[in-house]
Amino acid sequence: MNICVIGTGYVGLVTGTCFADFGVNVVCVDKDEAKISTLRNGEIPIYEPGLKELVDKNVRERRLSFTTDLEGSIRKALVIFIAVGTPSRNDGSADLSYIEEVARTIARNLNGYKVIVTKSTVPVGTGSLIERIIKNEQNEDHKFDVASNPEFLREGSAIEDFMRPNRVVIGARSPQAIAILKDLYSPLYLIETPFVITDVETAELIKYASNAFLATKISFINEMANICEEVGADVHMVAKGMGLDKRIGPKFLHPGPGFGGSCFPKDTLALTRIARKHGLNFRIVEAVIDVNTYQRERMVDKIKKALGGDITGKCIGVLGLTFKPNTDDIRESPAVYIVKRLLEEGASVKAFDPAGMENTKRILQNVTYCADSYEVADGSDALAILTEWNQFRKLDLDRIKRILKAPVMIDLRNVYEPQDMKRRGFKYVCVGR
Ligand code: UDX
């Protein structure tokens with residue numbers, strides 16, 4: 001089977017590569033020539049553990065290739081996955097112009113039956129929009145089906161998530177399209193992956209519902225952490241005690257500076273816009289967004305308080321810039337927001353991140369970027385952990401204490417144990433404990 005994946009961002013590149021590994025012929029298309037030539041040279045434009053090895057293997061075995069030739073790729077493919085970006089417009093709704101452009105190109109190049117699948121998170125109704133565009137603008141008269149197959153990949157473990165998903169959601173009307181998509185995913189039958197087969201609109205909504213619910217868990221535990229701080233309780237024990245209830249579950253109840261990344265902030269906002277468009281008010285998700293915005297600012301206050309209130313002229317050492325570990329992605333990163341705010345408040349910032357410094361340098365020039373955690377701590381007035389990379393979990397704390405100007409640590413990811421830090425002589429501030 002020949003398939004074509006349009007868009008070589010996180011979603012498209014991982015999807016294309018993993019399908020190639022399942023044994024089908026995949027061409028990944030992007031209009032960005034620089035990106036395609038990077039990929040053709042065997043380099044991966046994003047940081048995703050295990051991706052390079054898998055790309056190399058499937059290119060070598062001739063099942064995976066990269067091109068800018070969208071029209072030719074469409075013509076050769078039976079299944080076309082659309083994985084182009086859907087950035088937020090100013091009002092928070094999703095910008096579908098890339099998707100519309102792709103739909104027009106598909107219409108002009110439809111030379112036989114094809115299944116057109118949206119993989120990017122798209123507002124409800126995008127499937128039927130694509131269908132309308134293709135119907136109205138197709139050059140030759142051929143049958144086609146539009147389907148929705150949302151991705152649930154986490155950055156940093158995207159390959160594992162693709163190869164061992166909790167579920168596969170397929171939204172389509174025609175039995176032919178469903179059969180073709182099920183066939184594509186047939187390697188997952190062996191591990192008994194559940195399949196949810198439904199209509200296009202429902203599939204589109206499942207993705208938003210899942211992300212908004214996960215974001216709700218995070219904002220919930222963050223507000224709980226704030227209450228814990230006031231009453232002297234331990235939020236980790238609250239999360240454990242709650243999470244053991246199988247109806248609640250233990251995951252995504254880790255407090256911190258709030259959620260970031262390319263999905264949760266955008267998708268929660270888009271869901272509230274979808275609701276409003278239909279005359280509804282998604283109050284819970286509106287609150288989730290508010291809490292998340294507040295939480296970031298609360299973290300800035302925490303750092304200021306730990307340093308006696310005024311941070312003008314203070315040097316703050318920062319560990320972690322990405323929105324979470326194991327990625328180089330700094331989109332909507334709470335860490336980047338906090339660094340910006342510290343600079344605004346008159347502090348200077350020294351920072352280190354294992355993968356996110358190149359991206360951060362482009363937007364924050366007035367930060368001193370360091371080679372490792374100890375260079376960051378050296379001479380700083382305080383050390384703040386903003387992203388929980390593994391290498392920040394086993395710092396030589398005696399050394400850190402010696403080289404800091406004062407032994408102050410603000411641990412916004414609750415990596416260390418409060419009692420232990422106190423015993424070591426640190427002024428230690430964390431979240432909800
Ligand atoms: C997410 C979804 O998990 C994935 O299914 C979807 O397809 C895309 O969005 P991702 O953005 O890669 O994936 O990251 P994820 O691991 O889900 O973390 C999202 C954010 O929530 C991060 O900023 C993380 O630090 C934060 N988070 C997560 C918490 O603050 N607390 C938690 O308990 C869990």
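The coordinates are above.
Residues numbered from 1 in each chain as written. Predicted model: local features only at pLDDT ≥ 70, side-chain atom pairs only at ≥ 80, totals over all residues. Heavy atoms only, no water.

A. The sheet that holds strand β10 (residues 348-352), seen in detail. Spatially, six strands are ordered β11-β10-β9-β12-β13-β14 in an open sheet, and the strand pairing comes out parallel. The sheet terminates laterally at β11 (368-369) and β14 (427-429), the two strands that pair on one side only. Pairing of strand β9 (residues 315-319) with β10 involves five bridges; the strand directions are parallel. Across the sheet, L319 pairs through a bridge with F352, a residue of β10. The sheet contacts of helix α12 (residues 283-306) involve β9, β12 (382-385), β13 (408-411) and β14, and relative to β14 the element is tilted by about 170°. Helix-sheet contacts for helix α13 (residues 334-344) involve β9 and β10, and the interaxial angle to β10 is about 155°. (Pairing = 2+ DSSP bridges. Helix = DSSP H or I, 4+ residues; strand = E, 2+ residues; numbered from the N terminus. Contact = heavy atoms within 4.5 Å. Axes fitted to C-alpha atoms, helices over the stretch in contact; angles between N-to-C directions.)

B. Quick look at the packing of α12 against α13. Where α12 meets α13, the axes come as close as 10 Å, and the angle between the chain directions of the two elements is 50°. Taken as axis vectors, α12 and α13 run oblique relative to one another. Crossing hand, α12 versus α13: right-handed. Mapping the contact onto sequence places R296, E297, M299, V300 and I303 in α12 and P334, Y337, I338, R341 and L342 in α13. A per-class count over the contact of α12 with α13 returns seven nonpolar, no polar and three charged. (Parallel < 35°, antiparallel > 145°, perpendicular 65-115°, else oblique. Left-handed = near helix turned anticlockwise from the far one by under 90°. Nonpolar A, V, L, I, M, F, W, Y, C, P; charged D, E, K, R; others polar.)

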